[in-house]
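As a plain string of letters, each chain reads:
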Amino acid sequence: MGSLLKGVSGVRWGELRDATGATAGGVPPLLSRIAYGDEDTTRIAIDDLGDAICSLGFVVGEVTAPTVPFLLELAGSPHVACKAELLDLLGSICRADQWHSAAAAVGDRKHDASYQQQPSWEAAARAAVYAGRSVIEGVASSVRPEEATPARKLLQEMDRIPPFPEL
């Protein structure tokens, strides 16, 4: 995949499910289009990727956490277009708490095994965003306000949003 995204081939995308329940095999081509596409191609690819890894802007899937490091790599690359959109997607992932909210609502009642994994997907995805804080700080120091402003906003959200409690 070129100098960017070298680790993409190390992820077993076909074994993961996206936020819609589909196989995540379409994630690598979307990442490649973001890395090497023109601005219009990149914007569309980010939108499509958002549907797959953070559906509706608040539902993450099994593939979300493994995708976040690549989003951070792209956001930190000087030649990738649409950094504001990438940072917005990272913000949506960071804020996602649909599964934790649902688990908290059912309290101590047992839920089926397939549901038990979903809160862990949110926790892993949020942790992956937090692990990329230094990349986001680098973008926040950009002289380009169209990049720096959304990065600063994401940093503020990261400071405000606590880690998930144990369920």
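Right above here is the structure, for reference.
This section reports on the structure supplied with the text.

The rules behind each value
- Residues numbered from 1 in each chain as written.
- Predicted model: local features only at pLDDT ≥ 70, side-chain atom pairs only at ≥ 80, totals over all residues.
- Heavy atoms only, no water.
- Helix = DSSP H or I, 4+ residues; strand = E, 2+ residues; numbered from the N terminus.
- Contact = heavy atoms within 4.5 Å.
- Areas by Shrake-Rupley, 256 points an atom, 1.4 Å probe, with all protein chains shown as cover.
- Core = buried A, V, L, I, M, F, W, Y, C linked by side-chain atoms within 4.5 Å.
- Buried < 20%, exposed > 50% of the residue type's maximum accessible area, 1.4 Å probe, protein only.
- Salt bridge = Lys/Arg side-chain N within 4 Å of Asp/Glu carboxyl O.
- Arc of directions from axis to C-beta.
- Axes fitted to C-alpha atoms, helices over the stretch in contact; angles between N-to-C directions.
- Parallel < 35°, antiparallel > 145°, perpendicular 65-115°, else oblique.
- Left-handed = near helix turned anticlockwise from the far one by under 90°.
- Nonpolar A, V, L, I, M, F, W, Y, C, P; charged D, E, K, R; others polar.

Let's shift gears to the overall build of the protein. Across its full length, the protein holds 8 helices and 2 strands. Written out in order from the N terminus, the α and β elements of the protein read α-α-β-β-α-α-α-α-α-α. A separation of at least 24 residues holds for 65% of the contacts in the protein among residues at least 6 apart in sequence. As displayed, the protein has an accessible area near 8500 Å², and 54% of this comes from carbon and sulfur atoms.

So, about the nonpolar core. Among the nonpolar cores identified, the biggest contains 47 residues, and Leu-31, Leu-71, Leu-74 and Ile-93 are the most heavily contacted of them. Looking at this core, the elements that each hand over two or more residues are α1 (27–36), α2 (39–53), α3 (64–76), α4 (83–95), α6 (113–131), α7 (133–140) and α8 (145–160). When near neighbours in sequence (up to four residues on either side) are disregarded, Leu-31 contacts Leu-5, Val-8, Trp-13, Leu-49, Thr-67, Phe-70, Leu-71 and Leu-74.

Moving on, we get to the pattern of salt bridges. Within the structure shown, the criterion is met by 9 salt bridges. Between Glu-146 and Arg-144 there is a salt bridge, with its nearest N and O atoms 2.9 Å apart.

Here we take up α7. Taken together, the buried positions of α7 are Ile-136, Val-139 and Ala-140. Each buried residue of α7 sits inside an arc of 105° when the element is viewed along its axis, so together they form one side.

Remark: α1 packs on α2, axes separated minimally by 8 Å, with the N-to-C direction vectors making an angle of 150°. When the axes of α1 and α2 are compared, the pair comes out roughly antiparallel. As for the relative orientation of α1 and α2, their crossing is left-handed in sense. On the side of α1, the interface is formed by Val-27, Leu-30, Leu-31, Arg-33 and Ile-34, while α2 contributes Thr-41, Thr-42, Ile-44, Ala-45, Ile-46, Asp-48 and Leu-49. Per-class residue counts for the contact of α1 with α2 are 8 nonpolar, 2 polar and 2 charged.

From the geometry alone we can't say anything about function, so treat these as descriptive.
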